Amino acid sequence: MDDRPPTAAWRPQTMALDGGLVIDPVTGAIQPNISMSVNNLVVPGEGAFSAAELGDIAAEPFTYARWLNPTVRGLEARMAALEGAEDAVAFATGVAAIAGVFLTLLKAGDHLVIADVTYAGAAELARTILPDLGIDVTPVNLSDPGALEAALRPNTRLVHCESPANPILRLTDLAEVARIAHAHGALVSVDSTLATPVATRPLALGVDLVIHSLTKFINGHGDALGGIVAGRRDLVARLRGRAGVYLGAALPAMNAWLILRGIDTLFPRMRQISETAGRVAAFLEGHPKVERVIHPGLPSHPQRDLVQRQMDLPGGMIFFQTRDLRATAARIAARLKVAHYAFSLGHQRSIIVLLETDEMMRGTYRLTPSQEAAYRAYAGDGGFRLSVGLEAAEDLIADLDQALAD
Ligand SMILES: Cc1ncc(COP(=O)(O)O)c(C=O)c1O
């Protein structure tokens, strides 16, 4: 981006603080100011009136906050720097970012290949809304390159994956998927929310667009929704004009400002969370009530080699199974004092929730019988999705221990 200092040589940890940071020319403020103004003065004749006229974004004035807002622009610059992207565009939520990608890159008659397991909202959006618009959708286990090859068609425009996938923490070999998809002329988007740029930088592996729910680890404080898409300048410009402006899911400046503050501590948070998650996962793996634990940091993760190649850190997510899932859920929800029984993930406090396979199959994934059998072989009747926070590992382990007891 033209409006960020020449920082390409910095390490990602420095980018998380200073990537794209523009010192306020009026006040000299080092910490980003928040600009809540919906509109700013413009020079007659300058600035786009129609989204179709949006030009070089660095030269566009801040006409109206649904187009561009200075604080949101600061967040876009920071995220682009962190992902090593030419540009990024922010959205009101992670789902809005995913919808923006689908509805910008796909039209009637096109084909989308989507991973059979993704965040439920993305799965349901692809299976419910896109077919109504004349877009063909094929869910595929993208951890199997052969299955991807078999699913691609001449009209496949996009392959969308998630790595690690929520909730089962299965990885996708991003370099391999990009290689296969590109050979067939399709673009690749990845939802990298669970990895964060601390663990994986998908654009460097050949992926075209990287998507985050900023609501999760990147903000990290459970107090702001947000989403972002980073990638090539021309693709991001299309997204900004079509989805950003027309669909209208613009990120509020207040959220951008909160998320920027969250990113300041992304690296130390992710390192601490990963270390704690490793200790909690090892504890759960040795617990008599626990039948299986999936965590990228465990030697037992089924894709150990890929984890080592593709993730610099294992991250904070754990999926584990017990016998009698519902009774265990009721018991731990009533007993937990440190972790919280609730939805969402990536916050500073640990969060746990039961995700049952039957429910996921009915409402969310709607897989073919053989795909469902493969999911059940991996995830059984379901399990607990635990998002590890910043509490002391010892306290979290003691809390889970007392909650799991008879
Ligand atoms: C992997 C992933 N992507 C996207 C989302 C959606 O994010 P948001 O709630 O910001 O729309 C979630 C939410 O849980 C998620 O886990």
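This is a predicted model, so every value here is computed, not measured.

What counts, and where the lines are drawn
- Residues numbered from 1 in each chain as written.
- Predicted model: local features only at pLDDT ≥ 70, side-chain atom pairs only at ≥ 80, totals over all residues.
- Heavy atoms only, no water.
- Core = buried A, V, L, I, M, F, W, Y, C linked by side-chain atoms within 4.5 Å.
- Buried < 20%, exposed > 50% of the residue type's maximum accessible area, 1.4 Å probe, protein only.
- Domains from an automatic or database assignment.
- Contact = heavy atoms within 4.5 Å.
- Phe/Tyr/Trp six-rings, centres within 6.5 Å; stacked < 30°, edge-to-face > 60°.
- Helix = DSSP H or I, 4+ residues; strand = E, 2+ residues; numbered from the N terminus.
- Lys NZ or Arg CZ within 6 Å of the ring centre and 35° of its normal.
- Pairing = 2+ DSSP bridges.
- Axes fitted to C-alpha atoms, helices over the stretch in contact; angles between N-to-C directions.
- Patch = residues over 30% accessible without salt bridge, like charges linked within 9 Å, V, L, I, M, F, W, Y side chains within 5 Å.
- Areas by Shrake-Rupley, 256 points an atom, 1.4 Å probe, with all protein chains shown as cover.
- Salt bridge = Lys/Arg side-chain N within 4 Å of Asp/Glu carboxyl O.

Peer 1: Before we move on, could you go through the nonpolar core and cite the residues and values that matter?
Peer 2: Residues Leu75, Val159 and Tyr375 are the most contacted members of the largest nonpolar core, which totals 73 residues. A domain split of this core shows at least three residues from each of domain 1 (12-264) and domain 2 (266-404). Excluding residues within four positions of it along the chain, Val159 makes contact with Val113, Leu142, Leu148, Leu152, Val177, Ala181, Ala186, Leu187, Val188 and Ser189.

Peer 1: Report on the packing of aromatic side chains, specifying residues and quantitative values.
Peer 2: Applying the stated criterion across every chain yields a total of three aromatic pairs. Geometrically, the ring pair formed by Tyr64 and Trp67 is edge-to-face, given 6.1 Å between the ring centres and 75° between the ring planes. Judged by relative accessible area, which is 38%, Tyr64 ranks as partly exposed. Under the relative-accessibility criterion, Trp67 is labelled buried at 15%. A ring pair is formed by Tyr365 and Tyr375, whose centres lie 5.8 Å apart and whose planes are at 50°; its orientation type is tilted. Taken together, the residues Tyr365 in helix H13 (residues 357-365) and Tyr375 in helix H14 (residues 369-379) connect sequence positions 10 residues apart. Neither Tyr365 nor Tyr375 differs from the other in exposure class; each is buried. Cation over ring: Arg292 sits above Tyr378, and NZ or CZ is 5.1 Å from the ring centre.

Peer 1: Hey, could you go over the sheet that holds strand E2 (residues 111-115) for me, with residue numbers and the actual values?
Peer 2: Hydrogen bonds along the backbone pair up the strands of a sheet, which may run parallel or antiparallel. In space, the seven strands of this open sheet follow the order E1-E7-E6-E5-E4-E2-E3, with mixed pairing throughout. One side of each edge strand has no neighbouring strand; the edge strands of this open sheet are strand E1 (87-91) and strand E3 (136-140). Averaged over all pairs of adjacent strands, the angle between their axes in this sheet comes to 20°, without regard to strand direction. Note that strand E5 (residues 187-191) and strand E6 (residues 209-213) share three bridges and pair parallel. Residue pairing across strands places Asp191 opposite Ile211, the latter belonging to E6. Sheet contacts for helix H8 (residues 233-247): E1, E5, E6 and strand E7 (227-231); angle to E1, the most-contacted strand, approximately 20°.

Peer 1: Residue-level account of a nonpolar patch on the surface, with values.
Peer 2: A surface patch of nonpolar side chains, about 270 Å² in accessible area, is lined by Ile34, Met36 and Met254. Mapped onto the elements, Ile34 comes out in the loop between helix H1 (12-18) and helix H2 (70-83).

Peer 1: If you had to explain helix H6 (residues 174-183) to someone new, which residues and values would you point to?
Peer 2: The α-helix advances 3.6 residues per turn, and as a result positions three or four apart in sequence lie on the same side. The complete set of buried residues in H6 reads Leu174, Val177, Ala178, Ile180 and Ala181. Phi turns positive, to about 80°, at Gly185, one or two residues after H6.

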